[in-house]
Amino acid sequence: MNAPTNVSLTFYSAIASALLLIMLLNTPVNAQLSSTFYDNTCPNALNTIRTSIRQAISRERRMAASLIRLHFHDCFVQGCDASILLSETATSTSEQTAAPNAGSARGYEVIDAAKVEVEKICPEIVSCADILAVAARDASFAVGGPSWTVKLGRKDSTTASRDLANSDLPFFGSNVNQLIANFARKGLSARDMVALSGAHTIGQAQCFTFSDRINSNGSDIDAGFASTRMRGCMNANLAPLDLVTPNSFDNNYFKNLIQKKGLLESDQTLFSGGPTDSIVSQYSSNPATFKSDFAASMIKMGDIIDPVTSQNGVIRRICSALN
């Protein structure tokens, strides 16, 4: 074989440089996240957050579900950057007023209170995004769910996007294929989607989100369950997502799906003759596997980072407002 010419060498060098650039661009920004991020700058941050979250959940056990959901709704819009915590102003919109959040997302004041306590010991060190991620973990554990090691070092965004909140957050009427595609866009697998949906083992939903389902006379809903849920179902009235153990983090959610007692359409569709039936069956019979997978998927979801925020983000002194 003839030795490559200078032109060939230049060509191969260019190719190598291009491949290196592609690798760098696709290197996860979350590589900078670390569970020890605050060990030197704010060593008591996690204990301080945990105390604040436990106090909030002791006052209202339902808050655990709200905090997990708040972290989820944050990460699915612009990455885990605390954009959902920004209040609306005269010059900027808020994700809080988007359809999936308005009147249902809650717990903002709990994160604000935790931030106040952290600011007392370490001013302008710990991001609101990290506080929200830690709060979700502590909320899970407080009601019998799994704990996990939270990776830290996120920055807070300086913007929020109502439009992205409306388009990127899963819809309560979505079918299984739509959910799989929605999660895939965030780098999460079908198994991640089913595991994270298991957070519906706690919490409540407003009547308008499930009224069509319980009135459908469909073959995918238990008639007695539908009749029970019809009573008192008006607009914003609440019903537990898991009728059996609504305040405990367990695997009854999946057992309910097998019995056609999923409250939301986006719940029951996970066990409807589709690609996730086997995962639901596994979780319904093996609570340890569910909890382990839930923790792993929460870590994976927490890795969703917006490159813009990671480069240009800030540490907000007050979670609901820009500095």
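Conventions we followed
- Residues numbered from 1 in each chain as written.
- Predicted model: local features only at pLDDT ≥ 70, side-chain atom pairs only at ≥ 80, totals over all residues.
- Heavy atoms only, no water.
- UniProt positions renumbered as here; feature names shortened; annotations may be inferred.
- 1 Å grid on protein atoms, 1.4 Å probe; cavity = no way out; pocket = protein on both sides within 12 Å on 5 of 7 lines; lining within 4 Å.
- Points joined across faces, edges and corners; volume = space filled by probe spheres on them.
- Helix = DSSP H or I, 4+ residues; strand = E, 2+ residues; numbered from the N terminus.
- Nonpolar A, V, L, I, M, F, W, Y, C, P; charged D, E, K, R; others polar.
- Core = buried A, V, L, I, M, F, W, Y, C linked by side-chain atoms within 4.5 Å.
- Buried < 20%, exposed > 50% of the residue type's maximum accessible area, 1.4 Å probe, protein only.
- Domains from an automatic or database assignment.
- Contact = heavy atoms within 4.5 Å.

An unreviewed UniProt entry annotates the protein chain as Peroxidase of Rhododendron simsii. The UniProt entry for the protein chain carries the following text under Subcellular location (unreviewed entry): "Secreted".

With that out of the way, let us pick up empty space enclosed by the protein. One pass over the full model with this rule turns up three cavities of 30 Å³ or more. Lining the largest cavity are His71, Ala133, Trp148, Thr149, Val150, Lys151, Arg154, Met298, Ile299, Gly302 and Asp303. Of all the elements, helix α14 (residues 287–302) adds the most residues to the lining of the largest cavity, at three residues. The residue inventory of the lining of the largest cavity, partitioned by class, reads five nonpolar, three polar and three charged. Looking at the second largest cavity, its volume works out to about 50 Å³. Forming the walls of the second largest cavity are Gln32, Cys80, Asp81, Gly153, Arg154, Lys155, Ile305, Thr309 and Ser310.

Ranked by size, the top nonpolar core spans 70 residues in total, and within it Leu85, Ile111, Leu270, Phe294 and Met301 carry the most contacts. When residues of this core are assigned to their parent elements, the largest contribution, nine residues, is made by helix α5 (residues 128–142). Residue-level mapping places this core at the junction of two domains, with at least three residues from each of domain 1 (44–169 + 302–312) and domain 2 (176–300). In this structure Leu85 touches Leu70, Gln96, Tyr108, Ile111, Cys128, Leu132, Arg316, Cys319 and Ser320, once residues within four positions along its chain are discounted. Core analysis: the second largest hydrophobic core is formed by twelve residues, Phe210, Phe225, Leu263 and Leu264 among them.

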